[in-house]
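So you can see what is in the structure, the chains are spelled out below.
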Amino acid sequence: MKKVFLTVGPSQNYPTVAKHLKNGITNNILSISHRGDLFHQMFSENVGLLKKLLKIPSSYNVFFISSGTEGMELSINNCVDQKSFHLITGAFGDKFFNIAKGLGKKAESLKANFGEGIDSDKLEKLNLSNYELLCATENDTSGGIYFPMEKVYEIKNKNLLIAVDSVSAVPFGNLNYKYLDLVFFSVQKGFGLPSGLGIIVVSPKALEKAQKLLKLKKDIGTYHNFPTLLSYSKKAETPETPNVLAIYLLNKVLKDMLSYGISKIRKETVRKAKIIYEFLDNNSYFEPLVGDTNVRSQTTIVAKTKGSSKDVISFLNKIGIFVGRGYGENKDKHIRIGNFPSHTIEDVKRLIKALEEFI
Ligand SMILES: *Cc1c(COP(=O)(O)O)cnc(C)c1O
């Protein structure tokens, strides 16, 4: 029985990962030096491939870090002296906010009710002129909330930097990077790779801010502050010994995705999400958590279950299908379905058929 992981992260591996892993081991990728030519080549290639796939401006820097969560800490540390503002649409927005407070910043927020988007009127009335950094979550995985990014682009003003957590949206989300200063993600969701690698994209203005804070002798962190990451990335290296295997696998999967075509990946994601939501909207056992179709996530779909979600999950597990349970206190009330590039239309149809049988 073929197992399929329609989980929200870690998730189903991209279909070529097993082959690349085997080849990588054969070619001694697990033993190469992170200061050697082969590594330099992969590092530089990855930066170029990410810029191409995600349309990242050439002047932006791409740094390799350890996780999405680290992206939150680095954004705050490097770009906030005193005040950050947070648009919170779920538990990951809360996490970003709490990290800012934990680092001693004056963090303020506008928070949506769980399962809803941010109120547009409240958003338009915000005065953010006294803040240094605005933090938003493109797709909050806890409740399956998408944040329409145009609303964030409109907020852009001269002094405010903008950070976006893109962890469970990438590479589906088609961000317009020119409005953004910090975008971070990890690879175990949309890229279908093993966990243990994060990426942060840093605009020239965000880099300048970090350099300015450093000059003022502010604490911006140590080996992973932006100036240090920059000085190593100029040599196509990281300050520490990084996850070389993940960087290698990312290199291969980026090439695979580029040759498959990002617009095709995006179209298929929408098509699969439509199938899932149509099913959820039209039966008596499941119901999408998010009612407002404008903010329904396409990549991490959350459904309320009439009975305990444990029953559904164990039914599915017996036939080799894995979905996520609800986040935090909703663990027994919701299921969460990952819809990433590694998931095929056939996988989704198999899931729907199984859910019908369950009912
Ligand atoms: C998974 C997730 C994170 C955390 O990423 P890690 O790589 O586990 O640190 C952050 N934000 C969102 C929206 C996520 O889905």
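Above this note sits the structure.
Residues numbered from 1 in each chain as written. Predicted model: local features only at pLDDT ≥ 70, side-chain atom pairs only at ≥ 80, totals over all residues. Heavy atoms only, no water.

Caption draft 1: Representation of the overall build of the protein. A tally of helices and strands in the protein yields 12 helices and 14 strands. Expected size for 359 residues packed as a compact globule is a radius of gyration near 21 Å; at 20 Å, the protein falls within 12% of this value. By principal-axis analysis of the C-alpha atoms, the protein measures approximately 60 × 55 × 30 Å. Taken across its 359 residues, the protein has 57% of its residues classed as buried. The averaged location of the 35 negative side-chain charges in the protein is 3 Å from the averaged location of its 49 positive side-chain charges. (Helix = DSSP H or I, 4+ residues; strand = E, 2+ residues; numbered from the N terminus. Rg over C-alpha atoms; globule rule 2.2 N^0.38 Å. Buried < 20%, exposed > 50% of the residue type's maximum accessible area, 1.4 Å probe, protein only. Lys, Arg positive; Asp, Glu negative; His and termini not counted. Charge placed at Lys NZ, Arg CZ, Asp CG, Glu CD.)

Caption draft 2: Broad picture of the packing of helix H11 (residues 309-318) against helix H12 (residues 345-358). Between H11 and H12, the shortest axis-to-axis distance is 10 Å and the interhelical angle comes to 120 degrees. When the axes of H11 and H12 are compared, the pair comes out oblique. With respect to the hand of their crossing, H11 and H12 are arranged in right-handed fashion. Between H11 and H12, the residues in contact are Asp311, Val312, Phe315 and Leu316 and Leu351, Ala354, Leu355, Glu357 and Phe358, respectively. For the contact of H11 with H12, the class distribution of residues is seven nonpolar, no polar and two charged. (Axes fitted to C-alpha atoms, helices over the stretch in contact; angles between N-to-C directions. Parallel < 35°, antiparallel > 145°, perpendicular 65-115°, else oblique. Left-handed = near helix turned anticlockwise from the far one by under 90°. Contact = heavy atoms within 4.5 Å. Nonpolar A, V, L, I, M, F, W, Y, C, P; charged D, E, K, R; others polar.)

Caption draft 3: Expanded view of the nonpolar core. Residues Leu50, Leu87, Phe185, Phe191 and Leu250 are the most contacted members of the largest nonpolar core, which totals 57 residues. For Leu250, the contacting residues outside a window of four places in its chain are Asn46, Leu50, Phe64, Val187, Phe191, Leu193, Leu197 and Ile199. Counting 30 residues, the second-largest nonpolar core is a separate cluster that includes Phe96, Val167, Ile220 and Phe226. (Core = buried A, V, L, I, M, F, W, Y, C linked by side-chain atoms within 4.5 Å.)

Caption draft 4: Molecular detail of the pairing of strand S4 (residues 106-111). Here six bridges tie strand S3 (residues 83-88) to S4, and the two strands are oriented parallel to one another. By the bridge assignment, Lys83 is partnered in S4 with Lys106. With helix H4 (residues 91-102) bridging S3 and the parallel S4, this β-α-β connection has right-handed handedness. (Pairing = 2+ DSSP bridges. Right-handed = clockwise from strand over helix to strand, strands pointing away.)

Caption draft 5: Spatial organisation of the pairing of S3. Among the six residues that make up S3, five are buried, leaving the element largely enclosed by the rest of the structure. Two strands pair when backbone bridges link them, and S3 and strand S5 (residues 133-137) are joined in this way by three bridges, in the parallel orientation. Within S5, the position partnered with Ser84 by the bridge is Leu133.

Caption draft 6: Here's a closer look at the pattern of salt bridges. The final tally for this structure, using the stated rule, is 10 salt bridges. When the shortest N-O distance is used, the salt bridge between Lys304 and Glu287 registers 3.9 Å. Of this pair, Lys304 sits in strand S12 (residues 300-305) while Glu287 sits in strand S11 (residues 286-288); the two residues are 17 residues apart in sequence, bridging distant segments of the chain. Judged by its relative accessible area of 31%, Lys304 falls in the partly exposed class. The exposure class of Glu287 is partly exposed, given its relative accessible area of 45%. (Salt bridge = Lys/Arg side-chain N within 4 Å of Asp/Glu carboxyl O.)

Caption draft 7: Representation of the site of the ligand. Neighbouring residues of the ligand: 14 residues in total, closest Thr69, Thr141, Asp165, Ser186 and Lys189. A distance of 2.7 Å is found between an oxygen atom of the ligand and a side-chain nitrogen or oxygen belonging to Ser186. A distance of 2.6 Å is found between an oxygen atom of the ligand and a side-chain nitrogen or oxygen belonging to Lys189. Coverage of the ligand by the protein amounts to 88% of the 380 Å² it exposes when considered alone. With three residues, helix H3 (residues 68-79) is the single largest residue contributor to the shell around the ligand. (Near = heavy atom within 4 Å. Polar contact = N/O pair within 3.5 Å; in protein donor to acceptor, adjacent residues only side chain to side chain. Areas by Shrake-Rupley, 256 points an atom, 1.4 Å probe, with all protein chains shown as cover.)

Caption draft 8: Layout of the sheet that holds S12. Read from one edge of the open sheet, five strands run S1-S13-S14-S12-S11, paired in mixed fashion. Edge strands, defined here as strands with exactly one partner in the open sheet, are strand S1 (4-6) and S11. Within the sheet, the average angular offset between the axes of one strand and its neighbour, ignoring direction, is 35 degrees. When S11 meets S12, the two strands line up antiparallel, connected through three bridges. Paired with Phe286 across the two strands is Thr305, which belongs to S12. Against the sheet, helix H10 (residues 262-281) makes contact with S11, S12 and strand S14 (334-338), and its axis sits at roughly 125 degrees relative to S11, the strand it touches most. Contacts from H12 reach S1, S11, strand S13 (321-325) and S14 within the one sheet, and its direction differs from that of S1 by about 85 degrees.

Caption draft 9: Broad picture of a negative patch on the surface. On the surface, Asp119, Asp121, Glu124, Glu150 and Glu154 cluster together into a patch of negative charge. Put simply, the parts of the chain that give the negative patch at least two residues each are helix H5 (120-125) and helix H6 (149-155). (Patch = residues over 30% accessible without salt bridge, like charges linked within 9 Å, V, L, I, M, F, W, Y side chains within 5 Å.)

Caption draft 10: Structural context of a nonpolar patch on the surface. Together, Leu21, Ile25 and Leu30 line one region of the surface with nonpolar side chains, adding up to about 270 Å² of accessible area. Here Ile25 falls in the partly exposed class, since its relative accessible area comes to 49%.

Caption draft 11: Helix H2 (residues 37-54), seen in detail. End to end, H2 covers 26 Å across 18 residues, agreeing with the expected 26 Å (1.5 Å per residue, within 8%). The set of residues buried in H2 consists of Phe39, Met42, Phe43, Asn46, Val47, Leu49, Leu50, Lys51, Leu53 and Leu54. The inward-facing, buried residues of H2 contact strand S2 (61-65), strand S9 (182-186), strand S10 (198-202), helix H8 (226-233), helix H9 (244-260) and H10. Just beyond H2, the residue with positive phi is Lys55, at close to 50 degrees. (Expected span 1.5 Å × (residues − 1).)

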